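Residue-level listing of the chains:
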Amino acid sequence: MKIMVAVKRVIDYAVKIRVKPDKTGVETQNVKMSMNPFCEIALEEALRIKEAGMASEVVAVSMGPAQCVDTLRTGLAMGADRAIHVDATGPLYPLSVAKLFKALVELEKPGLLILGKQAIDDDCNQTGQMVAGLLGWPQGTFASKVVLDKEKQLATVDREVDGGLETLCMDLPAVITTDLRLNQPRYATLPNIMKAKSKVIKKYTPQELNVEIKSDLEVLQVTEPPKRKAGVIVSSVDELIDKLKNEAHVI
Amino acid sequence: MQKWRATRRLLLNSYSSKSRFDHPRSNPISDHSTTISRSSSGFESWTSRIHYRHFATAMIQRNPLFSTLNSDDINYFKGILGEKNVIEDEDTLLFANTDWMRKYKGSSKLLLQPRTTQEVSEVLKYCNSRRLAVVPQGGNTGVVGGSVPVFDEVIINVGSMKQVISFDKVSGVLVCEAGCILENLVSFLDNQGFIMPLDLGAKGSCQIGGNVSTNAGGLRLVRYGSLHGTVLGIEAVLANGDVLDMLGTLRKDNTGYDLKHLFIGSEGSLGIVTKVSILTPPKLSSVNLAFLACKDYSSCQKLLFEAKRRLGEILSAFEFLDNESLNLALNHLEGVRNPLPPAMHNFYVLIETTGSDETYDKEKLEAFLLRSMEGGLISDGVIAQDINQASSFWRIREGVPEALMKAGAVYKYDLSLPVETMYNLVAEMRTKLGNSAKVIGFGHLGDGNLHLNISTPQYDDAILAQIEPFVYEWTSKHRGSISAEHGLGLMKANMIFYSKSRETVQLMASIKKLMDPNGILNPYKVLPHSIVSYS
Ligand SMILES: Cc1cc2nc3c(=O)[nH]c(=O)nc-3n(C[C@H](O)[C@H](O)[C@H](O)COP(=O)(O)OP(=O)(O)OC[C@H]3O[C@@H](n4cnc5c(N)ncnc54)[C@H](O)[C@@H]3O)c2cc1C
């Protein structure tokens, strides 16, 4: 079985986001970009499944500008066997990404597609669900545990839901999206970085995949969240109660 | 103040540290014990009982010429600073009297928090006229007992002076008050696209005034040099209250003796630093970090030699730790994992590069590392792929002092030594101490700075007698320095002769006498007690 993994290039999790002065988006010039943390978890899970002998190949896929290749190199250095880069400039929204994945799935025929539950830049949390819908595959989203049964071609997925865990059992092929607690991704070791240099990254354009990139969404404005106001220190419990009653009107 | 405490608590890794000190009044720094208990609401709850016995200095007598505090003094201070900034609260004082390692403890009854240079000046002028001894205190993260009183010295903390005065985006010169916490300056500069030329594990608590006063080195010295180079100006208040305005912002200024250097590294013994102007480098966008394993010390050395040549212009840190250090970090710090499992290697090296071209820098670093691996200098390694991974590698190196604290008692030595012979000392110390103690070595290999640390369940005079003066003699024999960056403080005041000649120390004493004739500024520290005479 082949596993396909989505790997998105995003502004590094630890970077402080700055909104562009013209409010058209956020500043990405000279900003550290890294692999979306949930995608790292998705890739780690795929690698573990392969190492457990349940899969034969892991293919990492990234969509976006030329620099996505750097992110794919990280994926290859973590252990993916090969990579696909869908070269697309301009904004890509979840539905377009899902359509591109559908096209790639039809070409590559993986038995499992693993994605992060969301990307930390736009926080959409839609792509996995959309691609499952388009493919007509079962989906296990927000996975905190994944168990595969090779014989029966089944995946059992634990998902964290309000108030507990939900366990789903689904036929393969399937779509799984990963939650934070699923695993702890490995580091890229020097020997693996070296090996990654000779691994293949295949390039496609959306046209080659017969997907038209368009969106029904229009971004009007990107603004910073309102600044938190400084707190006040009250001098007594009485003053606190007074303020809660008469200023905040909460008691 | 609350904030200052809070950040320091954070550094102590959220202990709710309730310390009990019981010690004979007459000899406050020797022979006391403490119980440190960690909040039982945490995952684990431990209680360790460390008996500390005083180190390094023989019995010190309180200088009888110093006055003792009376209620008139307190009222006078309240008149200058306002009630709120004259602190007699026991809890706060317990904290301010105790050093970061909980090894030194004074019995001061008063903490003053001036808000302006003028207030510092008035306070010192009064203290000088009354012969009240003072100890300047910053973030109290110093590790040589310099930041806490020995007896009843009045503690002066400029933590309320925390304004950035100006920042010039063209020259990168930052002018700020001495109480600014290093990490806050880092955040301030980050917004401007600049960085501080120094970085150290204590950044969340230490103040720039404290950094300057200890001439702190830290993790980036290999790239940006020492504070003697980056500090362009200082405003300081002398013991008699005179304000020395040397707050220049010029890179070049050869007009007479450059006296600001006297305040860099003099550990509060010549004056209180109130303002600092410092040259900051622009923040470059491409930072890479590798965590590497080496099979022996000689490989670490060769790797340094190669890194300086092949990574030259982008090398920004070269740090090392031995496997005992990594083990300590893994065992005592929450959330730390071994970057190179499962095997343990003998040595670990962190190489950081900072440059302006992500692709070029990364390729350069990778090529260097792969080459070094083929050549056998590196046995394994990982390169951080994002900032989070980089932080977790740094956490290991920066967390070693904290891990040592959690492991029990620690004897710390901060030595400058020729890189070739540096680690021999660790090996010799291990042979000497056998199973009675854990001996670890880590530090700023790029600067030839070894942090030799000896960890035992509790302080023990017998162990100390095996370490000192051996460590100092060994260092002296190899023409090293017994204090690379931490300073002498109380711990090593009497050891200065291992690294400086009698004539040099004599001149230091004359300078001290000239600038602080009554000896009220941080007494018993820095200079040997034999040479500083009071009259
Ligand atoms: C976890 C940890 C990591 C560390 N790493 C490093 C490192 O990598 N490199 C390094 O060099 N050091 C290191 N140190 C020690 C270092 O000396 C201090 O962290 C720091 O420089 C001291 O600043 P502070 O504000 O805490 O000063 P304090 O500890 O409060 O004081 C230190 C000395 O300076 C004097 N002083 C403080 N403020 C003033 C002032 N405004 N005017 C005059 N005198 C003053 C005090 O009297 C005292 O003698 C580390 C410490 C810790 C706890």
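The rules behind each value
- Per chain, residues are indexed from 1 in the order of the written sequence.
- Ligands are numbered from 1 and chains lettered from A, in the order in which they are written.
- Local features in this predicted model are restricted to residues whose pLDDT is 70 or higher, and side-chain atom pairs enter the listing and the counts only when it is 80 or higher, whereas totals over whole chains, interfaces and linings include all residues.
- Only heavy atoms go into the side-chain values, all of them from the structure, while hydrogens and water stay out.
- Only DSSP runs of H or I covering at least 4 residues are called helices, and only runs of E covering at least 2 are called strands; the numbering of each starts at the N terminus.
- Exposed residues in this analysis have more than 50% of their type's maximum accessible area, buried residues have under 20%, and partly exposed residues fall in between, with area computed by a 1.4 Å probe over protein chains only.
- Contacts were defined at the residue level, with two residues in contact if any of their heavy atoms lie within 4.5 Å.
- The source of the domain bounds is an automatic or database domain assignment.
- Here's the idea: put two parts together, see how much 1.4 Å probe accessible area each one loses, and the total over both is what we call buried area.
- Salt bridge, as applied in this entry: a Lys or Arg side-chain nitrogen positioned within 4 Å of an Asp or Glu carboxyl oxygen.
- Pairs of strands are assigned from DSSP output, requiring at least two bridges between the strands.
- To get an axis, a line is fitted to the C-alpha atoms, and for a helix only the part in contact is used. The angle between two axes follows their N-to-C directions and goes from 0 to 180 degrees.
- We call a residue near a molecule or strand when any one of its heavy atoms sits within 4 Å of it.
- N or O atoms within 3.5 Å of each other form a polar contact, as long as, within protein, one can give a hydrogen and the other can take it, and as long as residues adjacent in sequence are counted only when both atoms are side-chain atoms.
- Working definition of accessibility: Shrake-Rupley area with a 1.4 Å probe, residue cover restricted to the visible protein chains.
- Amino acids outside the nonpolar list (Ala, Val, Leu, Ile, Met, Phe, Trp, Tyr, Cys, Pro) and the charged list (Asp, Glu, Lys, Arg) are all regarded as polar, and Gly is one of them.
- Put simply, angles under 35 degrees are roughly parallel, angles over 145 are roughly antiparallel, angles from 65 to 115 are roughly perpendicular, and the rest are oblique.
- Any two of the Phe, Tyr and Trp rings considered here, Trp counted by its six-membered ring, make a pair once their centres fall within 6.5 Å; the pair's planes then place it as stacked at under 30 degrees, edge-to-face at over 60, or tilted in between.
- To sit over a ring, a charge needs its Lys NZ or Arg CZ within 6 Å of the ring centre and within 35 degrees of the ring normal.
- Given a helix with a known number of residues, its expected span is that number minus one, times 1.5 Å.

Asker: Please provide a residue-by-residue account of the overall build of chain B, values included.
Answerer: Of the regular secondary structure elements, chain B holds 17 helices and 18 strands. Across the 535 residues in chain B, those meeting the buried criterion constitute 58%. Contacts in chain B between residues far apart in sequence, at least 24 positions, make up 73% of those at least 6 positions apart.

Asker: Explain the domain arrangement of chain B to me, and be specific about the residues and the numbers.
Answerer: Residue and element names in this part refer to chain B. The domain boundaries assigned to chain B delineate domain 1 (40-157), domain 2 (164-279) and domain 3 (286-477). Taken over C-alpha atoms, the centre of domain 2 sits 27 Å from the centre of domain 3. Between domain 2 and domain 3, the buried area comes to about 930 Å², and carbon and sulfur atoms account for 50% of it. When residues of domain 2 are sorted by the area they lose upon contact with domain 3, Leu 219, Val 222 and Arg 223 head the list and together hold 63% of the total. At the junction of domain 2 with domain 3, the criterion picks out 2 salt bridges. Close ionic contact of Glu 398 with Lys 203 constitutes a salt bridge, the shortest N to O distance being 3.0 Å.

Asker: Run through the sheet that holds strand β12 (residues 201-204) of chain A, naming residues and quoting values.
Answerer: All names here are of chain A. Here we have 9 strands laid out as an open sheet, ordered β9-β8-β7-β10-β6-β1-β4-β5-β12, and mixed in their pairing. For this open sheet the edge positions go to β9 (164-171) and β12, each flanked by a neighbour on one side alone. The average angle at which neighbouring strand axes cross in this sheet is 30°, direction not considered. Pairing analysis gives 6 bridges linking strand β4 (residues 57-64) to strand β5 (residues 82-87), with the strands arranged parallel. Looking at β5, one finds that Gly 64 is bridged to Asp 87.

Asker: How would you sum up the site of the ligand? Please name residues and give values.
Answerer: Residue and element names in this part refer to chain B. What surrounds the ligand is a group of 32 residues, the closest being Pro 136, Gly 138, Gly 139, Thr 141 and Gly 142. Between an oxygen atom of the ligand and a main-chain N or O atom of Glu 267, the distance comes to 3.1 Å. Coverage of the ligand by the protein amounts to 96% of the 960 Å² it exposes when considered alone. For the shell around the ligand, the secondary-structure elements that each account for two or more residues are β5 (134-137), α6 (208-214) and β11 (272-279). When the residues that make up the shell around the ligand are grouped by side-chain class, the tally is 9 nonpolar, 21 polar and 2 charged.

Asker: I'd like a description of the packing of helix α11 (residues 323-332) of chain B against helix α13 (residues 387-407) of chain B, backed by residues and values.
Answerer: Residues and elements named next belong to chain B. One can describe the packing of α11 onto α13 by two numbers: an axis separation of 8 Å at closest approach and a directional angle of 70°. Relative to α13, the element α11 lies roughly perpendicular. Residues Ser 325, Leu 326, Leu 328, Ala 329 and His 332 of α11 form the contact with α13, whose own contacting residues are Ile 396, Val 400, Ala 403, Leu 404, Lys 406 and Ala 407. Of the residues that constitute the contact of α11 with α13, the class distribution is 8 nonpolar, 2 polar and 1 charged.

Asker: Requested: an account of the environment of B:Asp357, with residues and values cited.
Answerer: All names here are of chain B. Assignment of secondary structure puts Asp 357 in the loop between β14 (347-355) and α12 (358-374). Separated by 71 residues in the primary sequence, Asp 357 and Ser 286 have C-alpha atoms spaced 6.0 Å apart. There is a polar contact of 3.2 Å between the side chain of Asp 357 and the backbone nitrogen of Thr 359.

Asker: I'd like to hear about the packing of aromatic side chains, residue by residue, with values.
Answerer: Summed over all chains, the structure comprises 18 aromatic pairs over all chains. A centroid spacing of 6.4 Å and a plane angle of 80° characterise the contact between B:Phe66 and B:Tyr524, whose relative ring orientation is edge-to-face. Here the residue B:Phe66 occupies a position in the loop between β2 (47-52) and α2 (71-81), and B:Tyr524 occupies one in the segment after α17 (502-515), the gap between them amounting to 458 residues. Look at B:Phe77 and B:Tyr126: their rings are 5.3 Å apart centre to centre, the planes differ by 80°, and that puts the pair in the edge-to-face class. Note that B:Phe77 is positioned in helix α2 and B:Tyr126 in helix α4 (residues 117-130), a separation of 49 residues in sequence. Take B:Phe77 and B:Tyr126: they sit in the same class, and that class is buried. One aromatic cluster in this structure is built from A:Tyr187, B:Phe291, B:Tyr348 and B:Phe393. The ring of B:Phe305 has B:Arg309 lying over it, and the distance from NZ or CZ to the ring centre is 3.6 Å. The side chain of B:Arg337 reaches across the aromatic face of A:Tyr187, ending 4.3 Å from its centre.

Asker: Residues and numbers for helix α3 (residues 94-108) of chain A, please.
Answerer: Residue and element names in this part refer to chain A. For α3, built from 15 residues, the straight-helix expectation of 21 Å at 1.5 Å per residue is met to within 8% by its first-to-last C-alpha distance of 20 Å. Residues of α3 that are buried include every one of Pro 94, Ser 96, Val 97, Ala 98, Leu 100, Phe 101, Ala 103, Leu 104, Val 105 and Glu 108, and no others. In this structure, the buried residues of α3 make contact with β1 (2-6), β4, β5, β6 (112-116), α4 (127-135) and β12. The positive-phi residue at the C-terminal boundary of α3 is Lys 109, with phi of around 55°.

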